[in-house]
Every structure is written in structure tokens, then in C-alpha cells.
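# Secondary and tertiary structure notes
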Amino acid sequence: MLPLPELPVSLTIERLGQLGEGVASWEGRTVFVPGAFPGDTVRVHLEAQGRVLRGLLRQVVSPGPERREAPCPVAGECGGCDWLGLAESAQRSAKQEIVLSTLEHLGHLKREDFAVRPLLVAPRDWGYRRRAVLHPAGKGLLGYFGRRSHERILVSACGALTPVLASLPGKLAPLLKPLARDMEEVLLLAEGEQAAFAVTLTGPVTGKHVEAAEGAVRALRLAGAVLVPKEGSVRAVGKPALRSFSPLRPEVPMYLRPDAFAQAHAEANVGLVASAIYELGARDEDSVLELYSGNGNFTFPLAAGAASVLGVESSPVGVELAQRSAREGGVSNVRFVQGDARKVCDGLVSEGRRFDVCLVDPPRAGAPGLAKWMGALGIRRVVYVACDPASLARDAAGLVEAGYRPLALQVVDMFPQTHHVEAVMSFERPAATGAGRG
């Protein structure tokens, strides 16, 4: 193997990789270049990171046809919007191809073997994010993590956030100075014109923390705040549970809290939910198992077209919010179990429970063991909502090996200006008959 040159080398970027980096070749080896886009001619310093070769971008000698000026002063440093310098049309094409090629190369699923839906485009490309995670940056300031690092990039305003949140980082930071030494993260959340925040703490909640949070809520006219200690009880200030409506079921209230998961793009989430419901194709008499059900984002639309839904979620906050929605919305055919999906599924199998269809929306790490549970629970159709193409590919391969065949793939552009992508994929086991009711 050739030694790496000490001086920068010139490369031409060929495509985009799964993690959003430009991909080029040097002496027959693949090089990943963060911040570079297809068609760029760049000067990079080569570094070996384990078996991977990375190029540290030193200069864009000649920009590619889809490169543009990023509308953010910290775009080159911030770890948030890594594709802000790439035209939206190119972003969308790349996302569809990244998901398909990952399924092919990692999951060994040929794209010809299932229907590929046209990419679902997000209604807004900028100013759409209703969630943000900020980190203490010293001197009472807040920032985002830098690109591929934990370096803090100071931020007082962020154009990627919804209007109600855009200037909140700079306004909130000085008010939280009394918490600065004890803060791990500050989580922002918006729903319409409402906003709330949460602070995760390194230790217990103290009176000083509560006083500072109350002051910030009053001064900025926020709905509320949540203080989340390392150990012990969470402390709510004001009314941090923001009221929304269930996608596709406006008669059912939905509640979001800054210390619980919510999809970052509210408008695109409606399309995501509609796609998942369509691909699942549940019938009025079907029993539905929903794994990683969160605050009920998919649950209540699912319940409108099925006999029953059992939602499984590990987060106590998520289950609490979902149960509140069910009570206030008068939805009687849903039930929630709080617990680890793997343990709950093992328990359902041991009880001899059977379901007809399953929707699974796992975290980035995926759902290892999913295929085993689906077969044992008699499930005929599975819809997998993925936020990571590699996890989707691994779990899809397991389902195919267990006898399920892939039906359709819907890629959703939930995160414009970033390489992150959401995908909905359906699978069916022709021989399975979803006997019994959950």
C-alpha cells in the first residue's frame, strides 16, 4: 500500500456516500471528503482513519454544477446542515440513490424486486426544523456540535429552525447561565407558535435550576420547560407539553414535549405517516402491532382503519403523552405497553399472541431480531420506517431470509439541507395468515 502524501492532492468528487460525504478515488482507493459535492475538483489532505481514507478539504478548485453558496455563515463548520451548499434537486436524487444502493450492497435486495415510489418531497426546504439540540459552549453561550466533532459552534440564531425557534438560542443562553455548570444539553421544541425547552442536567434538580427555568419561561413567553436530572424525578415548569393534532386524524389531540422524540419536520411528517399507513394496508378487522410507538405519531391514524393497535414504547414520557391523546381523543381501540421492544416481543411470543400486521419505527440502530418476532407472531405484512439506510438494509435482509418479500420503498425527504433521510418499506409473507387478534 502506498504511503500517504504529506502535501494536499487534487481529486474529483464522483458521488455522495451514505454519510453525506463526497466520494472520490486516489490510487485505486476510495476517499471520503466531507463538505465536497459531485463534480467538485478539490484539494484535500489525505488521512487514514482505521481502514477508511478521508480527505480533509483544503480548497474547492473548481465547483461542481450543483454546488451553491450556502446561506449560513457557519455552514462550513456546523455539523447540522451538511448539504446546505448543494442544490435541492441534487440532494433529492442523491437520497433516493443512497437508500437504493445501500439496500443492494448491504442488504442484497435488488431494486428490481420491489416497487420504488417517487421520492416524497418536503413542503419546506429551510426554516422547517421544530426541534434542536444545543450544547453548553462556555461563558453562558450555546452551540451546535461541529462537523464530525464535539467542538462547539456558537449560535445565536439559526435559519434552519422554524420562525418561533430561530432566534431562541441567543435569547435563551444568558437566561440559563445559572444552570451552565450543570447542563449537558438544551433541547428546543416548537409546535405552531408555541415553544418549550428542556435541560438535561449532570446532577439533581435544585431550586436554583427551577428558578432559572421559570425566569426564562416568563421572560421569553414560552409554554414551559422540563428539567431532566441524571437521576431522580423530572421537573416540569409551566406547561411544556405542546398541543398539536394527530396526522390524518385532526379530531385526536397530540402532545409533544421537548424531552421526548418528535419528527423534526411537521409538514413532511404528515406525508411520512400517510405513506406508512398506505403501505401497511391494514383492514378493519386487523390487529396491529406497533413497535417503537413514541407519542402515538402513527398509532391513531393506524387505529382509524384497524380493529386494534398495541403500541410498544420504551420511553415513559412517550407512553404518557400517547395515553393522554387516547383519553382526550376518545380512542378506545389502542393500548400502550411501556418497555423494551425486544423483551415485550419475547413476552408476546411466549403468551402465544398473534397479530395481523406490524409497523416498526426503530431508532437509528434499527431493530435487531425483528424477523424472528414477526414470524413467531404470525404477522403477514410489515412496514418498516427507517431513519438510517444501513439499519434498514440489515433488517430488510433478515426479513427476506425469514420468508418475507419486499413490496415497495418510499423515500421521504424529511431533512432538507442534510444527508439524513427517512424511508418507508413494506414486506409481506405470502404464506402467513395473520390468525388471531392481538
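Look up a bit, the structure's there.
In short, a report on the structure. Note that this is a predicted model, so its numbers are computed, not measured.

## Side note on the state of the cysteines
On inspection of all chains with the given rule, the structure shows 0 disulfides. With no disulfide partner, Cys81 has as its closest neighbouring cysteine sulfur the one in Cys158, 6.0 Å distant. When its relative accessible area of 16% is taken as the criterion, Cys81 is described as buried. Summary of cysteine pairing: Cys387 is not part of a disulfide, and the nearest cysteine sulfur, belonging to Cys358, is at 16 Å. A residue is classified by how much of its surface remains accessible, and Cys387, at 18% relative accessible area, is buried.

## Here we look at the sheet that holds strand S14 (residues 235-238)
Overall, mixed pairing links the 7 strands, which are arranged S10-S9-S8-S11-S12-S13-S14 in an open sheet. With one partner strand each, in any of the chains shown, strand S10 (152-154) and S14 form the two edges of the open sheet. Direction aside, neighbouring strands of the sheet carry axes that sit 30 degrees apart on average. In the sheet, strand S8 (residues 131-136) pairs with strand S11 (residues 183-191) via 4 bridges, with the strands oriented antiparallel. Bridged to Val133 within S11 is Leu187. The sheet contacts of helix H3 (residues 168-175) involve S8, strand S9 (142-145), S11 and strand S12 (194-201), and relative to S11 the element is tilted by about 135 degrees.

## Topic: the packing of aromatic side chains
Under the criterion given, the structure shown has 1 aromatic pair. Taking the ring centre of Tyr255 as reference, the NZ or CZ of Arg324 above it sits at 3.8 Å.

## With respect to the packing of helix H1 (residues 88-105) against helix H10 (residues 389-401)
Interhelical geometry of H1 versus H10 gives an angle of 35 degrees and a closest axis separation of 9 Å. Seen from above, H1 lies across H10 with right-handed handedness. For the pair H1 and H10, contact is made by Ile98, Val99, Thr102 and Leu103 and by Pro389, Ala390, Leu392, Ala393 and Ala396, respectively. The class makeup of the residues in the contact of H1 with H10 is 8 nonpolar, 1 polar and no charged.

## Things to note about H10
The end-to-end C-alpha distance of H10 is 18 Å, a good match for the 18 Å that 13 residues give at a rise of 1.5 Å each. Along H10, the positions that sit buried rather than exposed are Pro389, Ala390, Ser391, Leu392, Ala393, Asp395, Ala396 and Leu399. Of the surrounding elements, those touching the buried residues of H10 are H1, helix H9 (370-376), strand S21 (381-386), strand S22 (405-412) and strand S23 (422-428). Phi for Gly403, located one or two positions after H10, is positive at around 110 degrees.

## Things to note about the pattern of salt bridges
Applying the stated criterion across every chain yields a total of 25 salt bridges. When the shortest N-O distance is used, the salt bridge between Glu104 and Arg111 registers 3.0 Å. For Glu285, the salt bridge identified is with Arg283, shortest N-O distance 3.3 Å. Judged by its relative accessible area of 41%, Glu285 is partly exposed. Its relative accessible area of 42% is what places Arg283 among the partly exposed residues. Connected via shared salt-bridge partners are Arg283, Glu285, Asp286, Asp356 and Arg380.

How each quantity is defined
Residues numbered from 1 in each chain as written. Predicted model: local features only at pLDDT ≥ 70, side-chain atom pairs only at ≥ 80, totals over all residues. Heavy atoms only, no water. Disulfide = S-S within 2.5 Å. Buried < 20%, exposed > 50% of the residue type's maximum accessible area, 1.4 Å probe, protein only. Pairing = 2+ DSSP bridges. Helix = DSSP H or I, 4+ residues; strand = E, 2+ residues; numbered from the N terminus. Axes fitted to C-alpha atoms, helices over the stretch in contact; angles between N-to-C directions. Contact = heavy atoms within 4.5 Å. Phe/Tyr/Trp six-rings, centres within 6.5 Å; stacked < 30°, edge-to-face > 60°. Lys NZ or Arg CZ within 6 Å of the ring centre and 35° of its normal. Left-handed = near helix turned anticlockwise from the far one by under 90°. Nonpolar A, V, L, I, M, F, W, Y, C, P; charged D, E, K, R; others polar. Expected span 1.5 Å × (residues − 1). Salt bridge = Lys/Arg side-chain N within 4 Å of Asp/Glu carboxyl O.

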